[in-house]
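Topology and contacts: notes
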Amino acid sequence: VFSIRGKVVSEGGAPAGPGTIVLAAPKSSSATAILSILTRSQSPVRAEGAFEIRGLVPGLYTIQAVSTQTGQARSMGRMDVNITDQDVTGIVFPLTGGLTLSGVMRLEGGDIKTLLPAAQSGAQTAANTLTLSAAAAGIAIAGGRLTVGLVESAPSPLSSATPGQIKDDGTFVLEGVAPSKYFLNVAGLPAGVYVKSARVGGTDVTLSEVDLSSGSGGTLDILLSNKAADVIGNVRGEKSDSGKGVMVTLWTRDADGGSPNNGIRTTTTDQNGSFQFKNLRPGVYYTAAWEDIDQTLATARDFVNLVTSEATKLEIAEGGHVAAEVKLVP
């Protein structure tokens, strides 16, 4: 096993003193995996800014640093390090105070303020859940029933931020955003509403990650539409009760790189073999019901792309209400 050694410096180049922690995690790790290795792959930064993380097997790691001392300005850093067959030494790891991203949320043909008042408990619970998960990744903002979150593609358990507020005119400011790549999440949308488009600094990020790794901020423009589509369907099997409690997957024909689920949704049929998917953007979809499948496979893009011939193809228009009868895939 090998070590990563280096020095953490502040934005001005001075050594980052005590109160900063550096963490190394395999680049492909999930948030759960990162949390499980926290105790054995982190290093406190010494007074001169030096750190050392020991006991790492060869591989590609993401090292992250965050200031943990109360009363200090929020600062953070992120860097990829590749360990081959020897220690990695001499790293100079710069910290930043984070980026500022101003934004505005608009409702096509309507007033965004109508979506901002407090919602019923169910929608608010969903918004609160995303607020917590996005805050753990670095940034989230909330406004009544709606929550906008930037969730890091490679989650960081060291980051934390207090959710901001969406104003009545739909404007908001995200502060202290770490230079990284993010999935954009909008939670708490009422039935019939979907994210029609999202742009950062003029670049369309509707179906792609929000890439802030260059260290520059910008303006986030989110356009909502109240013309979302929905699919209502039934699963039919050889036996009269075979459609009950069946897992159903709906996926976009083209991969959605801007979503953690890659454009794939799942649900389970009710006692009548019926299912429903709401708040859909227009496009071409496939849906399939599974006689017996591991959930990981049912939500894996590489797998579902192999079974499109067994699936039901749906062409969904904006505001469309599509009925589908889906057969069980053996």
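Residues numbered from 1 in each chain as written. Predicted model: local features only at pLDDT ≥ 70, side-chain atom pairs only at ≥ 80, totals over all residues. Heavy atoms only, no water.

Some words on the pattern of salt bridges
Summed over all chains, the structure comprises eight salt bridges. Here Glu-318 ties to Lys-196 by a salt bridge, and the two come within 3.5 Å at their closest N and O atoms. With Glu-318 in the loop between strand S23 (312-316) and strand S24 (321-329) and Lys-196 in strand S14 (residues 194-200), the pair connects residues that are 122 residues apart, well separated along the chain. A relative accessible area of 32% places Glu-318 in the partly exposed class. Since its relative accessible area comes to 28%, Lys-196 is described here as partly exposed. Put simply, Arg-5, Glu-52, Arg-54 and Asp-87 are held in one network by salt bridges that share partners. (Salt bridge = Lys/Arg side-chain N within 4 Å of Asp/Glu carboxyl O. Helix = DSSP H or I, 4+ residues; strand = E, 2+ residues; numbered from the N terminus. Buried < 20%, exposed > 50% of the residue type's maximum accessible area, 1.4 Å probe, protein only.)

Some details on the side chain of Thr-287
Residue placement: Thr-287 occurs in strand S22 (residues 283-290). We classify Thr-287 as buried; its relative accessible area is 0%. Here the side chain of Thr-287 touches Thr-249 through a polar contact of 3.1 Å, landing on its backbone oxygen. The residues contacting Thr-287, other than those within four sequence positions of it, are Val-248, Thr-249, Leu-250, Trp-251, Phe-275, Ala-311, Thr-312, Leu-314 and Val-326. (Polar contact = N/O pair within 3.5 Å; in protein donor to acceptor, adjacent residues only side chain to side chain. Contact = heavy atoms within 4.5 Å.)

Let's talk about the packing of aromatic side chains
One pass over the structure, following the stated rule, counts four aromatic pairs. An angle of 65° between the planes, with centres 5.8 Å apart, marks the rings of Phe-275 and Phe-277 as edge-to-face. Residues Phe-275 and Phe-277 agree in their burial class; the two are buried. (Phe/Tyr/Trp six-rings, centres within 6.5 Å; stacked < 30°, edge-to-face > 60°.)

Considering the sheet that holds S14
The mixed open sheet is built from five strands, whose spatial order is S12-S8-S17-S14-S15. Pairing within the sheet leaves two strands with one partner each, and these edge strands are strand S12 (171-177) and strand S15 (203-204). Relative to S12, strand S8 (residues 99-107) runs antiparallel, the two sharing five bridges. Considered in S12, the bridge of Val-104 is made with Thr-171. (Pairing = 2+ DSSP bridges.)

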